[in-house]
Each structure stands twice: as structure tokens, then as C-alpha cells.
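Structural features, examined
One letter stands for each residue in the lines below.
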Amino acid sequence: MRKIKFYLGTGFAGCNHIEVMEFDDNTTEEEIEECYEEWKNEKLDGS
């Protein structure tokens, strides 16, 4: 298992998001990037 730390900084004090995700050893970088994009879009809110 690989552990990858996702970090999203918004530029505002106290408004960053950090989460550690676990992936199988055979997970490709493209799959991890796709997972990060989905995670990032869930955290961002335009309002």
C-alpha cells in the first residue's frame, strides 16, 4: 500500500485541506491524479 498526502491550499488563512489517501502498489500516477482531481473538486465551493 502506498500512502499519498493530498493538499489543497486556497490562499486564505485556515482554509486548507489535507488528507492522506491509500492506494494499491500497482495504482498508476494517472489514476492517482484523477482521484486527486475528484477530491479537489469536492472540497472547492464557488460560493
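See the structure printed just above.
The sections below set out a description of the structure shown in this document. (Residues numbered from 1 in each chain as written. Predicted model: local features only at pLDDT ≥ 70, side-chain atom pairs only at ≥ 80, totals over all residues. Heavy atoms only, no water.)

**Topic: the overall build of the protein**
Looking only at helices and strands, the protein has 1 helix and 2 strands in total. Helices (α) and strands (β) of the protein occur, in sequence order from the N terminus, as β-β-α. C-alpha extents for the protein along the principal axes are approximately 35 × 15 × 10 Å. On the protein, roughly 3,900 Å² of surface is accessible, and the fraction owed to carbon and sulfur atoms is 47%. Here the protein contributes 5 positively and 13 negatively charged side chains, and the mean placements of these two sets differ by 8 Å. (Helix = DSSP H or I, 4+ residues; strand = E, 2+ residues; numbered from the N terminus. Areas by Shrake-Rupley, 256 points an atom, 1.4 Å probe, with all protein chains shown as cover. Lys, Arg positive; Asp, Glu negative; His and termini not counted. Charge placed at Lys NZ, Arg CZ, Asp CG, Glu CD.)

**Observations regarding the pairing of strand S1 (residues 2–9)**
Summarising the sheet, S1 and strand S2 (residues 16–23) pair through 8 bridges and their orientation is antiparallel. If you follow Lys5 over to S2, its bridge partner there is Val20. With antiparallel pairing between neighbouring strands as the criterion, S1 and S2 make up a hairpin whose turn holds 6 residues, including Gly11 at a positive phi of roughly 90°. (Pairing = 2+ DSSP bridges.)

**What to know about the packing of aromatic side chains**
Tallied over the entire structure, the rule returns 4 aromatic pairs. Considering the side-chain rings of Phe6 and Phe23, the 6.2 Å spacing of their centres and the 45° angle between planes classify their relative orientation as tilted. Of the two residues, Phe6 is situated in strand S1 and Phe23 in strand S2; the sequence distance between them amounts to 17 residues. Owing to a relative accessible area of 3%, Phe6 belongs among the buried residues under this scheme. Centre to centre, the rings of Phe6 and Tyr36 are 5.2 Å apart; their planes meet at 80°, and the pair counts as edge-to-face. With Phe6 in strand S1 and Tyr36 in helix H1 (residues 29–43), this pair connects stretches of sequence that are 30 residues apart. Ring pairing ties together the aromatic residues Phe6, Phe23, Tyr36 and Trp39, which thus form one cluster. (Phe/Tyr/Trp six-rings, centres within 6.5 Å; stacked < 30°, edge-to-face > 60°. Buried < 20%, exposed > 50% of the residue type's maximum accessible area, 1.4 Å probe, protein only.)

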